[in-house]
Amino acid sequence: MNAPIDITGVTLTTRRLVLRPWREQDLEDFYAYARVDGVGQMAGWTPHRDREESRRILTSFIQGRHVFALEYQGKVIGSLGIEEYSEEHYPELSNLAGREIGYVLSKDYWGRGLMPEAVQAVIRYLFDQVKLDFILVGHFDWNRQSARVIEKCGFQYIKTRPYETRYGTTERSEESILYRSHFMEGYACENDTDLVQEIYRRSDESSRLNRSKAARVEFLTTVRYIEQFLTPGAKILDIGAGAGEYSLYFSRKGYAVSAVELSDRNAADFRQKLTAEDTVELFQGNALDLSRYPDHSFDVVLVLGPLYHLHGEKDQLRCIDEAKRVCKQGGTLFFAFLSNDMVILTMFHSHPDYFRNGDYNKDTFRCDDFPFVFHTVDACRALLDKGGVKVVREVAADGLSELLQAKINAMDEESYRQYLRFHFYTCEKPELLGASNHLLFIGKTEEAVGKA
């Protein structure tokens with residue numbers, strides 16, 4: 001999973017640069033800038049002593065096939081490599097696909113904005129074509145030029161760590177300041193539908209709910225509550241079914257399940273999980289248009305993803321209205337939200353400077369709704385009330401599990417079972433409701449409540 005990316009045959013073009021694999025004939029250009037004092041030190045290596053040293057390193061670039069040559073007006077003026085990263089330093093990223101990049105630029109071309117141009121092109125390539133989840137980059141504490149490149153390219157600070165380098169015959173311990181780029185960095189969405197497609201091209205929803213003990217808490221909690229409202233022979237509609245985790249679970253329990261999913265990748269992953277014995281009816285469609293289903297068709301309607309992605313209140317209410325329409329009188333609706341306030345804390349856990357530089361309003365503490373949409377507990381209540389849903393239960397679906405994932409994942413089975421019991425004991429406590437990344441609201445239509 002964490003191996004160099006092979007760029008054989010890859011050429012990236014920007015307004016002023018061509019990024020391409022290295023060639024043997026690039027030797028003179030390479031030696032011309034690599035021998036200059038102050039260039040290599042920015043990346044932790046000493047100036048090249050002679051052409052033979054440059055030739056050896058150029059050969060490693062060609063054979064390694066993971067370093068771009070930066071060509072400007074027909075001349076190679078720098079390099080940008082896509083490297084493995086040290087997995088032991090990033091346990092929180094262990095289930096994601098990522099790489100670390102590093103770069104060097106000829107001193108003659110500093111200050112022209114060329115390196116941000118190159119880095120942004122590689123970011124787009126790695127996210128759009130290679131489908132990485134994250135990119136790491138670092139700089140030495142004294143290297144403010146590289147820091148400015150990193151900041152211009154939208155990376156977010158992670159941590160500072162010691163880093164050993166050798167200049168000449170003297171070893172020096174530097175502070176390497178590391179950043180991570182958001183997996184949707186640089187994507188300009190046209191609408192919610194396009195954004196959903198792009199999010200799930202770049203991320204793996206198929207394993208999100210089952211990749212670890214901590215991740216499983218949300219699924220186990222949600223299933224526990226759905227089962228409380230099921231009766232024998234119940235019909236379930238799973239709107240925004242993702243890769244099918246809930247649909248397949250309940251179908252294999254004997255319930256009649258229909259599923260709707262918008263994302264091409266999620267729908268494909270869902271279909272791959274289906275066996276000859278599965279009876280789920282899967283349709284690719286939009287939560288805003290459930291016209292294929294008659295009114296009052298389902299005993300239970302799950303809306304466990306769409307409200308993560310709908311930015312406008314008009315569309316949010318339309319989604320709620322469609323869910324109500326297809327739900328039977330007396331049936332039950334389940335709505336999932338992303339918790340605005342808890343997200344700030346979990347982001348801070350991963351990014352120590354998040355309170356200073358995070359994507360939220362520094363006065364209102366409202367998170368930036370990109371690429372996902374966030375709600376406070378009160379905002380969830382207000383939206384459902386406006387949509388004509390009578391809320392009967394409110395649940396902190398995963399509680400502190402994302403914040404405590406390292407400790408939870410290290411638990412033995414007995415400890416984990418007891419942790420789940422504790423979570424189930426606390427997840428409806430009003431004082432702890434907002435302390436969860438995922439919120440689950442269970443409701444009835446106001447019409448059904450009125451007739452009860």
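For the structure itself, consult the block above.
Residues numbered from 1 in each chain as written. Predicted model: local features only at pLDDT ≥ 70, side-chain atom pairs only at ≥ 80, totals over all residues. Heavy atoms only, no water.

(A) The packing of aromatic side chains, seen in detail. Counted according to the given criterion, the structure contains 18 aromatic pairs. Between the aromatic rings of Phe 337 and Phe 441, the centroid separation amounts to 5.7 Å while the plane-to-plane angle is 85 degrees, which identifies the pairing as edge-to-face. With a gap of 104 residues between them, Phe 337 in strand E13 (residues 327–339) and Phe 441 in strand E16 (residues 438–445) connect regions that are remote in the sequence. With a relative accessible area of 0%, Phe 337 lands in the buried category. The exposure class of Phe 441 is buried, given its relative accessible area of 0%. Measuring from centroid to centroid gives 6.3 Å for Phe 422 and Tyr 425, while their planes differ by 45 degrees, and the two rings are tilted. Separated by 3 residues within a single helix, Phe 422 and Tyr 425 lie in helix H14 (residues 413–426), roughly one turn from each other. (Phe/Tyr/Trp six-rings, centres within 6.5 Å; stacked < 30°, edge-to-face > 60°. Helix = DSSP H or I, 4+ residues; strand = E, 2+ residues; numbered from the N terminus. Buried < 20%, exposed > 50% of the residue type's maximum accessible area, 1.4 Å probe, protein only.)

(B) Up close: the nonpolar core. Within the largest apolar cluster, 65 residues are counted, with the highest numbers of intra-cluster contacts made by Val 301, Phe 334, Phe 335 and Phe 337. Among the elements that line this core, the one with the most residues is E13, at 7 residues. Counting residues in hydrophobic clusters, the runner-up holds 32 residues, among them Val 10, Leu 70, Ile 82 and Tyr 103. (Core = buried A, V, L, I, M, F, W, Y, C linked by side-chain atoms within 4.5 Å.)

(C) Looking closely at a nonpolar patch on the surface. Among the surface-exposed residues, Leu 345, Phe 348, Phe 355 and Phe 365 lie close enough to one another that they form a single nonpolar patch of about 350 Å² accessible area. Along the chain, Phe 365 turns up in the loop between helix H11 (354–357) and strand E14 (374–375). (Patch = residues over 30% accessible without salt bridge, like charges linked within 9 Å, V, L, I, M, F, W, Y side chains within 5 Å. Areas by Shrake-Rupley, 256 points an atom, 1.4 Å probe, with all protein chains shown as cover. Salt bridge = Lys/Arg side-chain N within 4 Å of Asp/Glu carboxyl O.)

(D) Summary view of the pattern of salt bridges. Applying the stated rule across the entire model yields 22 salt bridges. One salt bridge in this structure joins Glu 28 and Arg 51, with 2.9 Å as the shortest N-O distance. A residue pair is termed long-range when its members are at least 10 positions apart, and Glu 28 in helix H1 (residues 27–34) and Arg 51 in helix H2 (residues 51–64) qualify at 23 residues. Residue class for Glu 28 comes out partly exposed when judged on its relative accessible area of 41%. Arg 51 gets classed as partly exposed once you look at its relative accessible area, which sits at 39%.

(E) Just the side chain of His 309, in detail. With respect to the helices, strands and loops of the structure, His 309 is situated in the loop between strand E12 (298–303) and helix H9 (313–326). Residue class for His 309 comes out buried when judged on its relative accessible area of 8%. Among residues more than four places away in sequence, those in contact with His 309 are Asp 192, Val 196, Ile 199, Tyr 200, Phe 372 and Val 373. (Contact = heavy atoms within 4.5 Å.)

(F) Structural detail: the packing of H1 against H2. In contact at an axis separation of 9 Å, H1 and H2 are set at 115 degrees when each is read in the N-to-C sense. Classified by chirality, the crossing of H2 by H1 is right-handed. For the pair formed by H1 and H2, the contact residues are Leu 27, Glu 28, Phe 30, Tyr 31 and Ala 34 on the first element and Arg 51, Ser 54, Arg 55, Ile 57, Leu 58 and Phe 61 on the second. (Axes fitted to C-alpha atoms, helices over the stretch in contact; angles between N-to-C directions. Left-handed = near helix turned anticlockwise from the far one by under 90°.)

(G) Spatial organisation of the environment of Ile 236. Looking at the secondary structure, you find Ile 236 in strand E9 (residues 235–239). Residue Ile 236 is classed as buried on the basis of its relative accessible area of 1%. Placed 96 residues apart in sequence, Ile 236 and Thr 332 show a C-alpha to C-alpha distance of 9.8 Å. Ile 236 has contacts with Leu 230, Phe 250, Tyr 255, Ala 256, Val 257, Ser 258, Phe 298, Val 300 and Leu 302, leaving out every residue within four places of it along the chain.

(H) Geometry of the packing of H9 against helix H12 (residues 377–386). In contact at an axis separation of 9 Å, H9 and H12 are set at 65 degrees when each is read in the N-to-C sense. As H9 runs across H12, the sense of the crossing is right-handed. Of the residues in H12, those touching H9 at Glu 313, Gln 316, Leu 317 and Ile 320 are Leu 383, Leu 384 and Lys 386. Classifying every residue of the contact of H9 with H12 by side-chain character gives 4 nonpolar, 1 polar and 2 charged. (Nonpolar A, V, L, I, M, F, W, Y, C, P; charged D, E, K, R; others polar.)

(I) Region of interest: unusual backbone geometry. With an omega dihedral of 0 degrees, the bond running from Phe 370 to Pro 371 counts as a cis peptide bond. Notably, Gln 73 is not glycine yet its phi reads approximately 50 degrees, a positive angle. Of note, Gln 73 is situated in the loop between strand E3 (67–72) and strand E4 (75–83). For Gln 73, a relative accessible area of 68% translates into the label exposed. For Phe 365, which is not a glycine, the phi torsion comes out positive at approximately 60 degrees.

(J) View of the environment of Phe 250. Considering the arrangement of structural elements, one finds Phe 250 in helix H7 (residues 245–251). For the pair formed by Phe 250 and Ile 226, sequence separation is 24 residues and the distance between their alpha carbons is 9.6 Å. Not counting the four nearest positions on each side in its chain, Phe 250 is found in contact with Val 223, Ile 226, Glu 227, Leu 230, Ile 236, Tyr 255 and Val 257.

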